[in-house]
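Take a look at the letters that make up each chain.
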2 protein chains.
Amino acid sequence: MRVLGIMSGTSADGVDVALARISGAPPGIAATLEGHHHVPFPRRLRDAILRLANGGATTAAELSELDFRLGKEFSEAVIAACRRWRVPLRKISVIGCHGQTMHHQGANQWSRVGWRMASTLQIGEPSIIAERTGIPTIADFRPADMAAGGQGAPLVPFVDYLLYHHERLGRVALNIGGIANLTVIPAGAKPKDVFAFDTGPGNMIVDALAERITRGRTTYDRDARMALKGRTIPELLARMMREKYLRKKPPKTAGREQFGQAYVQGLLAWGKKHHAQPVDLLRTAAVFTSFSIADAFRRFILPRATVNELIVAGGGTRNPLIMAQLAAALPGIEIIPSSRFGVPEGAKEAFAFAVLAYEAYHGRTNNLPSATGARHAVVMGKSVDPLGAGKKK
Amino acid sequence: MRVLGIMSGTSADGVDVALARISGAPPGIAATLEGHHHVPFPRRLRDAILRLANGGATTAAELSELDFRLGKEFSEAVIAACRRWRVPLRKISVIGCHGQTMHHQGANQWSRVGWRMASTLQIGEPSIIAERTGIPTIADFRPADMAAGGQGAPLVPFVDYLLYHHERLGRVALNIGGIANLTVIPAGAKPKDVFAFDTGPGNMIVDALAERITRGRTTYDRDARMALKGRTIPELLARMMREKYLRKKPPKTAGREQFGQAYVQGLLAWGKKHHAQPVDLLRTAAVFTSFSIADAFRRFILPRATVNELIVAGGGTRNPLIMAQLAAALPGIEIIPSSRFGVPEGAKEAFAFAVLAYEAYHGRTNNLPSATGARHAVVMGKSVDPLGAGKKK
């Protein structure tokens, strides 16, 4: 069965479309990546997403329009990808779309509206994707897990477990996107032995600083060129490492709420006060990404499991500074790019949503309660199938 | 098969839950109402909904929280209703939830974001309803019709056609909610002969004026008591009847965009300038509701079809002034409350969403392209079924 996964991460740089060929049922599922295509968002669209996702003032009308606009973007990315791969749309059985996160608050807390209410909002109208492609689409996975008491994240560990569990090797799958998240799969693990959490920032802080430093000319620090010109500021790094999120016990999730614009403003203010060079701030932030990941290993992983292999994915794997610092901080653990398992770094999350959709399509549960904290396993995802029983395939 | 419908209208006064027993397949569908329950929203929740639906400034976080909060309200309304009816939740096969409209713009237009994009936004998280009730839930019907080029409204005509089509009688089904909408079902009609549109305001203007006049002590003019103390202002009525929406050809949809807060502000400003009594404004607005409906008959219905019966539903049927003016303006047409067909006025829309969900559940199309303007029939609705194939019933 051919399944497409669509992912658009918190950095809002564009859409990743992954084509997966999947067969079987857990734990005997076999999934291989057959194609990956990235379509960048137009600058203005990215700006609008980031403004709203960062808490900017908006209206219901604007969010509604952005939801439909993103549905259109996603469907066009799918059509472009399939044309490029020369795979006719009718050969695709189902699409899984994560959507674009506009808000995610996994834990209950008092909001300014005055209700104690965890919630999540992913947009990108799946009805538009299904209509324009003619393919049944499953989207908006997180709310079902949250309705069952979970944090609605992380979702990829379910897929990591299906793909990476090994009888004799303890493995950790790490994704360095805007946020860095990992899945711990001890040797011979059952689903309940798997645990997962967000370690803290991935590229979120580094990207925001790079954009500020270059006054918007770049959206990230390519090959860590700028950071490599700077020096780590030990007192700032020590201060960052005292961040209380790092001490919080898993399961836990992070996002712009912790490491978004407000955090970066704080860093810049610190830098101004202490006359720090921008490239020094950037280098320190990159090192903080690596150290916060290593810190999570020491606090929460190594006391509970032996780790033989660290399988890495996500945009952060292209930052040589982050990768070098990570390797140095985790001696004895082999670092393997996820591409070695057939999934290139950038395609990992989109691929995961293809697998989640495949499970939902068959009516099988697709969350991992031990990772999300949900009271029980649920089928996540909302199904849209405009042609219904009348479709001709 | 027992199906629940959940509706929360543009007036945001609360949730209507309808219990329907449905069998068969179109055109031989049989549906009867077995229960109706209304749960008012807490005042603060209603205020929050109306503020956002009227275009008030908000954030993605607030809308996300309201989405989850409404999912909780809807699920609690379902549980309260079933307890009252003594119907165990496990006897319900599926729930159809319209959700709360926060924005609806059926026709393409330039938005302030700068994209030409029709869109619609209904909230009230169905994953929460499905989780808390254990019943598969279908929600968010409008986007699929819009993705197929339709206006995403009106949806009820599909149900009106199924329930009211008659070989020898021409019928119009009218619902006077916040907005007044109707379905024209000529004698012996096939689906393509049915047409439907919003005539303009229902209670939207009258309710808003009543609330302003009583400084928020009431949310509507009970039994038209206040309006009956006033006199119609002919020059204002004539001015209102020149509203360009009335001349626009069907299919067409109206909402707060045309008759919401801004419109009411305009009326109040007119009243202040001309030293009009508030009760006179209120009476004029009520008469405008009736006259705008009658105007639609003269312009768009009577030239195309013979109408024998007008089947009325919605909160506006409890306003004796609106009903008397309507009867006077439509001589020769028998006015019949929808309750005579087994569906009490207030339950009509909730009941309709039970029928729409029943069709979607069976993978059958449930929009009426002749009413919405869609290019083709589609299965509307997003399905959530957290227990999936593993459910025990």
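On a predicted model such as this, the values are computed, not experimentally measured, just so you know.

Trainee: What am I meant to see in the relation of the copies chain A and chain B here?
Mentor: Between the two copies of this chain, the relationship is a rotation about some axis together with a displacement along it. You can overlay chain A on chain B at an RMSD of 0.1 Å; the transform is a turn of 180° with a shift of 0.0 Å along its axis. With respect to symmetry, the two chain copies, as superposed, fit the operation of a two-fold axis. A symmetric contact is evident, with 100% of the interface residues of chain A recurring at the interface of chain B.

Trainee: I keep staring at helix α12 (residues 278–301) of chain B and nothing clicks. Help me out?
Mentor: Side chains three or four residues apart in an α-helix point the same way, a direct result of the helix having 3.6 residues per turn. With 24 residues, α12(B) should reach 34 Å at 1.5 Å per residue; the first-to-last C-alpha distance of 34 Å fits that figure. Of all 24 residues in α12(B), 19 are buried; the element is thus mostly enclosed.

Trainee: So what exactly am I meant to see when it comes to the sheet that holds strand β7 (residues 171–176) of chain B here?
Mentor: Strand pairs in the sheet, formed through backbone hydrogen bonds, run parallel or antiparallel to each other. All names here are of chain B. Here 5 strands make up an open sheet; going across it, the order is β9-β8-β7-β10-β11 and the pairing mixed. Among the strands making up the open sheet, the edge pair consists of β9 (195–201) and β11 (334–337). Ignoring which end each strand starts from, the neighbouring axes of this sheet average 25° apart. Pairing of β7 with strand β8 (residues 179–185) involves 6 bridges; the strand directions are antiparallel. Within the sheet, the bridge partner assigned to N175 lies in β8 and is N181. The sheet contacts of helix α5 (residues 156–164) involve β7, β8, β9 and β10 (309–313), and relative to β8 the element is tilted by about 45°.

Trainee: Got a minute to help me understand unusual backbone geometry in this structure?
Mentor: At the junction of A153(A) and P154(A), the peptide bond is cis and its omega measures out at -10° in the coordinates. Structurally, P154(A) is set in the loop between α4 (142–147) and α5 (156–164). In the Ramachandran plot, R86(B) falls in the positive-phi region, its phi being about 60° despite a non-glycine side chain. Along the chain, R86(B) turns up in the loop between α2 (60–85) and β4 (94–105). The exposed category is assigned to R86(B), whose relative accessible area is 75%.

Trainee: What is the right way to read the domain arrangement of chain A from this model?
Mentor: How big an interface is tends to be stated in terms of the accessible area lost upon association of its parts. All names here are of chain A. Looking at chain A, the domain boundaries give domain 1 (2–152 + 347–384) and domain 2 (157–341). When each unit is reduced to the centre of its C-alpha atoms, the spacing between domain 1 and domain 2 is 23 Å. In this complex, domain 1 contributes 28 residues to the contact, which on the side of domain 2 involves 29 residues. Here domain 1 and domain 2 share an interface that buries about 2300 Å² over both sides, 57% of which is from carbon and sulfur atoms. Where domain 1 touches domain 2, the interface holds 3 salt bridges. With a closest N to O distance of 3.6 Å, E211 and R46 form a salt bridge. At the surface where domain 1 touches domain 2, the tally comes to 9 residue pairs in polar contact (both at pLDDT 80 or more). Those elements giving two or more residues to the side of domain 1 that touches domain 2 turn out to be α1 (43–53), β4 (94–105), α14 (348–361) and α15 (369–372). The greatest single-element share of the side of domain 1 that touches domain 2, amounting to 7 residues, is contributed by α14.

Trainee: Explanation requested: the sheet that holds strand β8 (residues 179–185) of chain A in the structure shown.
Mentor: Residue and element names in this part refer to chain A. Overall, mixed pairing links the 5 strands, which are arranged β9-β8-β7-β10-β11 in an open sheet. Both edges of this open sheet fall to β9 (195–201) and β11 (334–337), since each of them pairs with a single strand only. When the angles between neighbouring strand axes are averaged without regard to direction, this sheet yields 25°.

Trainee: Whenever I open this one, the confidence of the model for chain A confuses me. Can you help?
Mentor: Detail in the predicted coordinates should be disregarded across regions flagged by low pLDDT. Residues and elements named next belong to chain A. For chain A, the mean per-residue pLDDT works out to 93, and 96% of the residues sit at or above 70. Throughout residues 109–114 the model reports pLDDT below 50, and contacts reaching past four residues in sequence, or to other chains, amount to 12 contacts. Two numbers describe this predicted complex: its pTM, 0.82, and its ipTM, 0.81.

Trainee: Explain the nonpolar core here, please?
Mentor: Generally speaking, soluble globular proteins have nonpolar side chains that are buried together. Grouped together as the largest cluster of nonpolar side chains are 62 residues, with contacts concentrated most on L4(A), M102(A), L4(B) and M102(B). With residues near it in sequence (within four places) discarded, M102(A) still touches I49(A), L52(A), A53(A), L63(A), L66(A), L121(A), I123(A) and A60(B).

Trainee: Please clarify how the packing of helix α6 (residues 204–213) of chain B against helix α11 (residues 261–273) of chain B should be interpreted in this entry.
Mentor: For any two helices packed against each other, one specifies the inter-axial angle together with the distance between the axes. Residues and elements named next belong to chain B. In the contact formed by α6 and α11, the axes pass within 10 Å of each other and the chain directions differ by 60°. If you check the angle between α6 and α11, you find them oblique. Read as a crossing pair, α6 and α11 show a hand that is right-handed. Residues I205, A208, L209 and R212 of α6 pack against Y263, V264, Q265, L267 and L268 of α11. Looking at side-chain class alone, the contact of α6 with α11 contains 7 nonpolar, 1 polar and 1 charged residues.

Trainee: For this particular structure, what's the right way to read the interface of chain A and chain B?
Mentor: On the side of chain B, 58 residues touch chain A, which itself brings 58 residues to the contact. Of the roughly 4600 Å² buried at the junction of chain A and chain B (both faces included), carbon and sulfur atoms supply 61%. For the interface between chain A and chain B, the tally reads 2 salt bridges. The closest approach of N and O atoms between K382(B) and E125(A), which form a salt bridge, is 2.9 Å. Sorting the residues of the side of chain A that touches chain B by element identifies α1, α2 (60–85), β4, β5 (119–123), α3 (126–133), α4 and β12 (382–384) of chain A as the ones contributing at least two each. The dominant element in the side of chain A that touches chain B, judged by the number of residues it contributes, is α2(A), at 10 residues. Taken together, the residues that form the side of chain A that touches chain B break down as 28 nonpolar, 18 polar and 12 charged.

Parameters at a glance
- Residues numbered from 1 in each chain as written.
- Chains lettered and ligands numbered in written order.
- Predicted model: local features only at pLDDT ≥ 70, side-chain atom pairs only at ≥ 80, totals over all residues.
- Heavy atoms only, no water.
- Least-squares fit on C-alpha atoms with pLDDT ≥ 70 in both.
- Contact = heavy atoms within 4.5 Å.
- Helix = DSSP H or I, 4+ residues; strand = E, 2+ residues; numbered from the N terminus.
- Expected span 1.5 Å × (residues − 1).
- Buried < 20%, exposed > 50% of the residue type's maximum accessible area, 1.4 Å probe, protein only.
- Pairing = 2+ DSSP bridges.
- Axes fitted to C-alpha atoms, helices over the stretch in contact; angles between N-to-C directions.
- Domains from an automatic or database assignment.
- Buried area = accessible area lost by both parts, 1.4 Å probe.
- Salt bridge = Lys/Arg side-chain N within 4 Å of Asp/Glu carboxyl O.
- Polar contact = N/O pair within 3.5 Å; in protein donor to acceptor, adjacent residues only side chain to side chain.
- pLDDT = per-residue confidence, 0-100.
- Core = buried A, V, L, I, M, F, W, Y, C linked by side-chain atoms within 4.5 Å.
- Parallel < 35°, antiparallel > 145°, perpendicular 65-115°, else oblique.
- Left-handed = near helix turned anticlockwise from the far one by under 90°.
- Nonpolar A, V, L, I, M, F, W, Y, C, P; charged D, E, K, R; others polar.

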